[in-house]
Amino acid sequence: MGANIYKNKKPALIFMIPAFLFMIVYLYYPFFMNIFNSFQQIKTLGGTSKGMIDPWYWNYAEMFRDVNVGVSLKNTLIMMLVTLLGQVGMAILLAIMVDNVKHLKGFFKTVYFFPIVVSATALGLLFNLIFLYDKGMLNQLLETFGRTELIDWKAEGIALFTMMLPVMWQYVGFYFVILITGLNNISDELYEAAYIDGCTTIQKVRYISLPLLRNVICTCSVLAVTGALKVFDLPWTMFPKGMPLKTTFLTGTYMYYQTMEAKNVDYGSALAVLIVVLGFVLSKVVNAIFKETDY
Amino acid sequence: MKKALVMLLTGAMVLSLAACGNSVDDGADASTTDTAVEAPAEDEADEAAEVEAPAEPAAPVELNVTTTFAGEDGNAANFKAAVDAWCAETGNTVADTSATSDETFKTRVITDFETGSEPDVLFFFNGADSNSFIEAGKVVSLDEIRAEYPDFASNMNDDLIADSLVDGKKYAIPVNGYWEAMFCNMEVLNAAGVSLPGANYTMDDFKADCQKIKDAGYTPIACALGNIPHYWWEFAIFNNQSPANHLEIPSVEEDSAWVAGMNDIKELYELGYFPDNTLSATDDETFAMFTEGKAAFLIDGSWKVGGIVAACQTDAEDASTIDQAKLSNFDVTYVPGKGDRKATDLIGGLSMGYYITKKAWDDPDKRAAAVSFVSYMTSDEIIPVFAQHTASALKNAPTVDETKFNSLQIKAMKMMSGTTSLTGAVQDLFQGDCRVTTFDGMPEIVTGKVSAEDAVAEGLQTYYDAQ
C-alpha cells in the first residue's frame, strides 16, 4: 500500500487541475482572444467588435507604416542593452566589491536591494520630482553650483536617458542579490590558494570569481533581457504617451497607449502579439548566446 | 434655437450666481468653506422633502456612484458633504468611485458600461462621450423616470437639459455649468507693464502683451502643449469661426478653420510664448508656474477657480488658511478674440449631468434610492452649492449673497456678466480617437513634424469613418 501511493499518479493530476484551469482561463484564453481581436475592429476596451477588419491583416501591415512602432522597437532594444550593461554590469561590480569588504555586508545588501521593494509607480513619481524642470532636485543642485539656466531633463534629446536611469537603478539590487549568492558559493579554499600564490585582488576576481560566476551571470542576463521587454510602469509614470514628441515609447507603453488612450484596441492587440513574438525570439537568442556551461 | 438657448443659459447662469451663497442643512459640517451656505428656510426644506418623498426606498441599500467631483475639482468637498447628508437622511450608503475628469476616466466609465459593471448613478458628460451607453440602452431617459416619478427634476428648466446626440431624448440632469476663460496672474502682468485684458481684447493685443511679458523675463502662457492642449485647441478653432458655426464639424477636404486654429497655436509656440518645457511638462507643472508668479496667462475652465484658491491656501483642505493677498493677485478675463469671434464669446454650458443606469432602474431595491439620490443632488438647495460662479438649469435661482464668495469668484461673476454668448465645446462632439492626431499630436504640429492640414484631416477622417 505504502509503495502504491508513489505509483498512483491520479492524486497528483487531480491537484494539478485547478492550476491548469486557472492558466486556461486567465492566460491561454485571453492570449488566443487577443490574437483574434487583432483581426477585428474594436475601438474601446471591452467594446464589441464591429466585424473583421478589412483587409484582415491591416493592423499588422500598419505596424510597418507606423513610425512609432519603429521608435518603440528601437527604444526597447536600447533598454535591453541598458539593462544588460547597466543592471547586470553594475550588479557584478557591486557584488564583487561587497564580497570583498569585511564589515557591513548585510547593510550593503539591504541598501542595494531596497529599490526592488518600492513600487515602480512610486519610484516614477519620486524621479519626476528629482528631474522636475522648475524646482526639481537636480536643477536646484546645479543652481547651487552656479548654473543659471534650468535643464529640461525630459526634453527630446535626453528624455531617453532620463527614463532609463531610474529603470536601471531600480533593478540593480535584484541582480546584485543573485550574484552575491553566487559569490558565496565559491569555495574559500580557492581564494586562499590564490593568496598563497601571490594573486592580487584584481587577479582573484579575474581568474576565480568571474569564471565561476559565469552561469549565474548568464541567468541574470537572460532575466535582464526578457525583463526589459516588460518594463512599463516606471516609464509610463514618468513619460506618459511617449512624451515628448512620442520619442520615449517602449513596446509595452505604446501598446498601452494605443489600447487605453488612442482607443484603438484592435491595433493594441496586434502590438501585444508583436511583443509576444519578440519576447519568444529574443529569449531564444539570448538563451543561445548565454548558454550555461558545466565545469 | 441656439441663440435662445444661449440667452436662456446666460440668464440662468447670472441668476444662479445668486445661489452661491446659499447652503443646505446637510447634516454635516458644510459651513466652513467660502461657498458653504446657510440652512434653507423651513418652507424650502418642505419643498425639497416633497421632491424626495416618493423616492424613499423600503430598506437601506448601497448605491454605486461615479462622478468627476474628485481630486482638484472645486466641488469635491461639496460632493462628499452632500453624499454624507443624503446617507444620513435616507439611511442608504454610497460606494463612491469618483475620479478626476480626464480621458482615462472617460475610458473607464465607457468600459464599465461595456463590461456590465457600470455604477447605479453616474455624473458624466452629455455630449458624444455618452453616445455608446445611450445607444446600448444602458441609461434611463428623463421621460421614463417621470412616467413613474412625475416630480423628478421638476425644478429644472427642461430647455436647458441637453438632448442626447443619439436619440434627442434627455438623460443627464445637470448640476453646475462651466465656462472657459483666461486667468491672469496680475503680479506678472504688473511687472511686465501689461494691464488686465478687457472685453475688446484681440489676438494682436494678446501677442503684443505676450512679447512684453517675455521681454520682462516671464513666461506669457502657462500651458503644457504635450499634455493638456485642450483649451487652446478649442479657442484657437473658435477664433477662426463664430458662435454660429463653432459646433459644425468640417469635412475632411475643407481647408477649415480647424487647420487655421492649429497654425495659430504653432505661431505662438514659435514666438516662444509657451513655457520652455511645454512639450515635456505636465499640466500640473505649468499650473504651478502660473500660481507661483512665473507665467502670466492660463486658459482653463471654471473648475480651476477652486485650484487657484487652493494654491493660495497653506492647507489645501482648509479654506480658513487662505492668503487673501495672494488670491487678490489673480483675475479672470475674456479670451483674446479674432475675426467673427468677440473676446466676450466664450465656451461654456451645461456639459454634464446625473444619469440613472438601467441596471439600477431595473433593480427594485435600488430604483427608488437612485431617484432619491439624483433628486437630492439636483435639488434647489444643493445645486447652488455646486454651481457657485457658474450656470445651472434651475427654474428658480435663489438670492445672491456675495459676501460668501472669495475675490476670484466675484471677479469671475463680474466677467461672466459681460459675456455675449456661451457656446458648447466642439471637442465634446468629437469623440476620443478622433482627437488623437491634434490633441496628443499637438507637439508634432507645433514643431512642424506633422502639418496641421494632415493632422486635422486624419482626425476628421477618423470621425467620419466612425459615423
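Residues numbered from 1 in each chain as written. Chains lettered and ligands numbered in written order. Predicted model: local features only at pLDDT ≥ 70, side-chain atom pairs only at ≥ 80, totals over all residues.

1. Section: the overall build of chain B
Piece 1. When helices and strands are counted, chain B shows 20 helices and 10 strands.
Piece 2. By residue count, 56% of the 467 residues in chain B fall in the buried class.
Piece 3. For chain B, restricting intrachain contacts to residue pairs at least 6 apart in sequence, the fraction spanning at least 24 positions comes to 79%. (Helix = DSSP H or I, 4+ residues; strand = E, 2+ residues; numbered from the N terminus. Buried ≥ 20, exposed ≤ 12 C-beta atoms within 10 Å, placed from the backbone. Contact = placed C-beta atoms within 7 Å.)

2. Describing the overall build of chain A
Piece 1. Along the backbone of chain A there are 13 helices and zero strands.
Piece 2. For chain A, the N- to C-terminal ordering of α and β elements is α-α-α-α-α-α-α-α-α-α-α-α-α.
Piece 3. The C-alpha radius of gyration computed for chain A amounts to 24 Å, which surpasses the reference 19 Å derived for 295 residues by more than 25%, pointing to a less compact arrangement than a globule.
Piece 4. Seen through its C-alpha atoms, chain A measures out along the principal axes to roughly 85 × 75 × 30 Å.
Piece 5. Burial statistics for chain A: of 295 residues in total, 32% are counted as buried. (Rg over C-alpha atoms; globule rule 2.2 N^0.38 Å.)

3. Remarks on the interface of chain B and chain A
Piece 1. Contacts between the two partners involve 22 residues from chain B and, on the opposite side, 20 residues from chain A.
Piece 2. Where the side of chain B that touches chain A is concerned, the elements lending two or more residues are helix 4 (103–114), helix 11 (283–291), helix 18 (432–435) and helix 19 (442–446) of chain B.
Piece 3. In terms of residues, the side of chain B that touches chain A owes the most to one element, helix 4 of chain B, which gives five residues.
Piece 4. When its residues are assigned to classes, the side of chain B that touches chain A shows six nonpolar, eight polar and eight charged. (Nonpolar A, V, L, I, M, F, W, Y, C, P; charged D, E, K, R; others polar.)

4. Considering the nonpolar core
Piece 1. Of all hydrophobic cores here, the largest spans 129 residues; its most connected members are Ala91(A), Tyr175(A) and Leu179(A).
Piece 2. Top element by residues in this core is helix 8 (residues 159–184) of chain A. It accounts for 11 residues.
Piece 3. In terms of nonpolar packing, the next biggest core, distinct from the first, is built from 54 residues, Leu63(B), Ile145(B), Tyr149(B) and Leu160(B) among them. (Core = buried A, V, L, I, M, F, W, Y, C linked by C-beta atoms within 7 Å.)

5. Some points on helix 6 (residues 120–130) of chain A
Residue and element names in this part refer to chain A.
Piece 1. Residues Ala120, Gly124, Phe127 and Asn128 constitute the buried set of helix 6. Along the axis of helix 6, the buried residues cluster in a sector spanning 110°; they form a single face. Residues Ala122 and Leu129 are exposed on helix 6 and point more than 90 degrees away from its buried face.
Piece 2. Where helix 6 is buried, its residues meet helix 8 and helix 11 (233–238). (Arc of directions from axis to C-beta.)

6. Remarks on the sheet that holds strand 1 (residues 62–66) of chain B
Residues and elements named next belong to chain B.
Piece 1. Strand order in this open sheet of four strands is 2-1-3-9, and the pairing throughout is mixed. This sheet does not close on itself; its edge strands, each paired only once, are strand 2 (93–96) and strand 9 (352–356). When strand polarity is set aside, the average angle formed by the axes of neighbouring strands in this sheet is 25°. (Pairing = 2+ DSSP bridges. Axes fitted to C-alpha atoms, helices over the stretch in contact; angles between N-to-C directions.)

7. Here we look at the packing of helix 3 (residues 58–65) of chain A against helix 13 (residues 265–289) of chain A
Residue and element names in this part refer to chain A.
Piece 1. Following both chains from N to C, one finds helix 3 and helix 13 inclined at 75°, their axes separated by 9 Å at the closest point. Between helix 3 and helix 13, the crossing angle belongs to the class labelled roughly perpendicular. Of helix 13, the residues touching helix 3 (which contributes Asn59, Tyr60, Glu62 and Met63) are Asp266, Tyr267, Ala270 and Leu274.
Piece 2. Along the lines of polarity and charge, the residues of the contact of helix 3 with helix 13 split into five nonpolar, one polar and two charged. (Parallel < 35°, antiparallel > 145°, perpendicular 65-115°, else oblique.)

8. A word on the pairing of strand 4 (residues 178–185) of chain B
Residues and elements named next belong to chain B.
Piece 1. By the criterion of burial, strand 4 is predominantly enclosed, with seven of the eight residues buried.
Piece 2. As paired elements, strand 4 and strand 8 (residues 345–349) share three bridges and run antiparallel to each other. What sits directly across from Glu180, in strand 8, is Ile347.
Piece 3. In this structure, strand 4 lies alongside strand 6 (residues 295–301), joined through five bridges in antiparallel fashion. Across the sheet, Cys184 pairs through a bridge with Phe297, a residue of strand 6.
Piece 4. Relative to strand 7 (residues 330–333), strand 4 is paired through four bridges, and the arrangement is antiparallel. Each bridged residue has a counterpart across the sheet, and for Phe183 the counterpart in strand 7 is Val332.

9. Overview of the environment of Leu346(B)
Residues and elements named next belong to chain B.
Piece 1. The topology assignment puts Leu346 in strand 8.
Piece 2. Along the chain, Leu346 and Thr419 lie 73 residues apart, while their C-alpha atoms are 7.0 Å from each other.
Piece 3. In contact with Leu346, not counting residues within four places along its chain, are Trp179, Glu180, Ala181, Tyr334, Val335, Thr419 and Leu422.

10. Remarks on unusual backbone geometry
As a rule of thumb, non-glycine residues mostly have phi less than zero, and peptide bonds are mostly trans rather than cis.
Residue and element names in this part refer to chain A.
Piece 1. With an omega of -10°, the peptide bond between Asp54 and Pro55 qualifies as cis.
Piece 2. Within the element layout of this structure, Pro55 appears in the loop between helix 2 (10–37) and helix 3.
Piece 3. A cis geometry characterises the amide bond from Met243 onward to Pro244, with omega recorded as -5°.
Piece 4. As for its position among the elements, Pro244 is in the loop between helix 11 and helix 12 (251–261).
Piece 5. If you check the backbone angles, Leu104 has positive phi at about 60° while not being a glycine.
Piece 6. Residue placement: Leu104 occurs in the loop between helix 4 (67–100) and helix 5 (105–117).
Piece 7. Positive phi, close to 55°, is recorded for Leu245, a residue that is not glycine.

11. What about the confidence of the model for chain B?
Piece 1. Of the residues in chain B, 86% have a pLDDT of 70 or more, and the chain-wide mean is 85.
Piece 2. Of the regions scoring below 50 in pLDDT, residues 1–55 of chain B engages in 120 contacts with residues more than four places distant in sequence or in other chains. (pLDDT = per-residue confidence, 0-100.)

12. Description of helix 2 of chain A
Residues and elements named next belong to chain A.
Piece 1. For helix 2, which comprises 28 residues, the first-to-last C-alpha distance of 37 Å matches the rise-based estimate of 40 Å (1.5 Å per residue) to within 8%.
Piece 2. At Ile24, helix 2 shows its largest bend, some 40°.
Piece 3. The element helix 2 is largely exposed, with a buried count of one among its 28 residues. (Expected span 1.5 Å × (residues − 1). Bend = angle between axes of the 7 residues up to and from the residue.)

13. Brief notes about the pairing of strand 1 of chain B
All names here are of chain B.
Piece 1. Counting buried positions over the five residues of strand 1 gives four, a clear majority of the element.
Piece 2. Direction of pairing for strand 1 relative to strand 2: parallel, over a ladder of four bridges. What sits directly across from Asn64, in strand 2, is Ala95.
Piece 3. Pairing analysis gives two bridges linking strand 1 to strand 3 (residues 121–125), with the strands arranged parallel. Residue pairing across strands places Val65 opposite Val121, the latter belonging to strand 3.

14. Describing the environment of Ala76(B)
All names here are of chain B.
Piece 1. Take Ala76: it is sitting in helix 3 (residues 76–90).
Piece 2. Its 17 C-beta neighbours within 10 Å are what place Ala76 among the partly exposed residues.
Piece 3. Ala76 sits 184 residues away from Ala260 along the chain, and the two C-alpha atoms are 37 Å apart.
Piece 4. Apart from residues lying up to four places away in sequence, Ala76 is in contact with Phe69, Ala70 and Gly71.

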